[in-house]
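Observations on chain architecture
Here is what each chain is made of, one letter per residue.
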There are 2 protein chains.
Amino acid sequence: MKGSGATLKRMYRPAIKHCRECGAHVSYRLPDDGDTKNRAICTQCHTVHYENPLNVVGTVPYWGERGEQVLLCKRNIEPRLGKWTLPAGFMELGESTEHGAWRETQEEAGAEIEIDGLFTLLNVVRVGQVHFFYRARLTSDRFSPGYETQEARLFTEDQIPWDDLAFKTVRETLERYFDDLRSGKFGFHVSDIG
Amino acid sequence: MKGSGATLKRMYRPAIKHCRECGAHVSYRLPDDGDTKNRAICTQCHTVHYENPLNVVGTVPYWGERGEQVLLCKRNIEPRLGKWTLPAGFMELGESTEHGAWRETQEEAGAEIEIDGLFTLLNVVRVGQVHFFYRARLTSDRFSPGYETQEARLFTEDQIPWDDLAFKTVRETLERYFDDLRSGKFGFHVSDIG
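Bear in mind that the values here come from a model prediction, so they are computed numbers and not experimental data.

Calculation rules
Residues numbered from 1 in each chain as written. Chains lettered and ligands numbered in written order. Predicted model: local features only at pLDDT ≥ 70, side-chain atom pairs only at ≥ 80, totals over all residues. Heavy atoms only, no water. Least-squares fit on C-alpha atoms with pLDDT ≥ 70 in both. Contact = heavy atoms within 4.5 Å. Pairing = 2+ DSSP bridges. Helix = DSSP H or I, 4+ residues; strand = E, 2+ residues; numbered from the N terminus. Salt bridge = Lys/Arg side-chain N within 4 Å of Asp/Glu carboxyl O. Buried < 20%, exposed > 50% of the residue type's maximum accessible area, 1.4 Å probe, protein only. Buried area = accessible area lost by both parts, 1.4 Å probe. Polar contact = N/O pair within 3.5 Å; in protein donor to acceptor, adjacent residues only side chain to side chain. Core = buried A, V, L, I, M, F, W, Y, C linked by side-chain atoms within 4.5 Å.

Least-squares fitting of chain A to chain B yields an RMSD of 0.0 Å, with the superposition described by an axial translation of 0.0 Å and a rotation of 180°. Look at the turn and shift together and you get a two-fold axis relating the two. Among all residues of chain A, the one whose C-alpha sits closest to the rotation axis is Gly23 of chain A, at a distance of 2.0 Å. Taken as a fraction of all interface residues of chain A, those also at the interface in chain B reach 100%, which identifies the copy contact as same-surface.

A word on the sheet that holds strand β2 (residues 39-42) of chain A. Residue and element names in this part refer to chain A. The strand order β1-β2-β3 describes an open sheet built from three strands, whose pairing is antiparallel. The sheet terminates laterally at β1 (26-29) and β3 (48-49), the two strands that pair on one side only. Strand direction decides the pairing type here: β1 and β2, joined by four bridges, are antiparallel. When the bridges of β2 are listed, Arg29 appears paired with Arg39.

This paragraph deals with the pattern of salt bridges. All names here are of chain A. Applying the stated criterion across every chain, the model contains 34 salt bridges over all chains. Where Glu95 meets Arg103, a salt bridge forms, and the shortest distance between an N and an O atom there is 2.8 Å. Taking the relative accessible area as the measure of exposure, Glu95 reaches 6% and is therefore buried. The class of Arg103 is buried, set by a relative accessible area of 9%. Measuring nitrogen to oxygen at the nearest pair gives 3.0 Å for the salt bridge that ties Glu172 to Arg176. Of the two residues, Glu172 and Arg176 both sit in helix α3 (residues 168-183), four residues apart, roughly one turn of that helix. Salt bridges sharing common partners tie together Glu157, Glu172, Arg176, Asp179 and Arg182.

The subject of this paragraph is the interface of chain A and chain B. Every contact between the two is made by 48 residues of chain A and, on the other side, 48 residues of chain B. Across the chain A/chain B interface, buried area totals approximately 4100 Å², and carbon plus sulfur atoms make up 54% of it. In this structure, the connection of chain A to chain B is made through six salt bridges. Here Glu21 of chain A ties to Lys17 of chain B by a salt bridge, and the two come within 3.2 Å at their closest N and O atoms. Across the contact surface, chain A and chain B share 17 residue pairs in polar contact (both at pLDDT 80 or more).

What holds strands together in a sheet is hydrogen bonding between their backbones, with the strands either parallel or antiparallel. One open sheet holds the three strands; their spatial order is β1-β2-β3 (chain B), and the pairing between them is antiparallel. Two strands bound the open sheet, and with one partner strand each, they are β1 (26-29) and β3 (48-49) of chain B.

In this structure, Leu71 and Phe132 of chain A together with Phe132 of chain B are the most contacted members of the largest nonpolar core, which totals 26 residues. Going through the elements one at a time, β5 (69-75), α2 (97-109), β8 (113-124), β9 (129-138) and β10 (149-155) of chain A together with β8 (113-124) and β9 (129-138) of chain B are the ones with two or more residues in this core. Looking at this core, the element that brings in the most residues is β9 of chain A, giving five residues. Setting aside chain neighbours within four positions, we find Phe132 of chain B in contact with Leu121 and Phe132 of chain A together with Asn55, Val56, Val57, Gly58, Thr97, Leu118, Thr120 and Leu121 of chain B.

Laid out in structure tokens, this is it:
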């Protein structure tokens, strides 16, 4: 997840102050089109500015005959500098959720993967985000992490630094992964994260 | 999907011209934080403005012993005025994908539902959107559609107005629904829509 200050700002998203079309001040009020929510509306050109949830896309890169090891990245940027995460970041325009997950895995871990399928879909309502994690088979155990990552390493379940994970959605996804690994069948899991 | 002009604007999303923080002009360039994509950056206060895909959330409301009828809404707003759609709209801050799907079904169809589970996840890369449709059991066959809908009606597969559907993702979702209904087993379907 990229850009320290930028990422923090996007998580807490301050109110819009000016119109992106003309630069005049906005005020928050109900639009005239039947909408039932207050929106930032330009006081000069009347453009309505919407604010919507963001998607975070990533992978569970696995290695070993049964997939008993997963790749984690130690964060080199805020937020959660020094904590461990699955490779993930904000979905960009011009890509699908799957392509975004693949791209983030390249950028953060420099890992070669083949994506299997969507594994978890997690709503994080409090911060206005939806997180998507795909299971992805590593085709090499050599990694070349980018500047956002201090270290990229494989972990078995009992080696995972459970107390030093960066995000609740990473913990949830890893728990589901190892549960499913034990049961011998990988499902698709949807849940809400408080 | 709400707000005629507003919806069209969000689909094609014109470039950002002014900073939402201070109102000064922005220029598109690479940020200094290692980012690899051009972003709208304020020429005065240097705030970086990101643009990301939007989520559209909706339902397949079904009725009948086997779920052989589905509820469609005839659109009373642009885009695709007069065309038929499943109830769906932009996900809002403060709600989960499932809650958003439920809300849109209330707003567009005034239908009482119980949501089963996520049925399709469709990337529409060209317009920067991800569409989510949940299967939802109707608990009544009386509807009171809102101002966005001219008419809300139940259709069996052979009654569906296939040539007058509003969106490709609606067609894809309905095709998957009736395929799964015939096979006797509802899956979860992920695909990209061109």
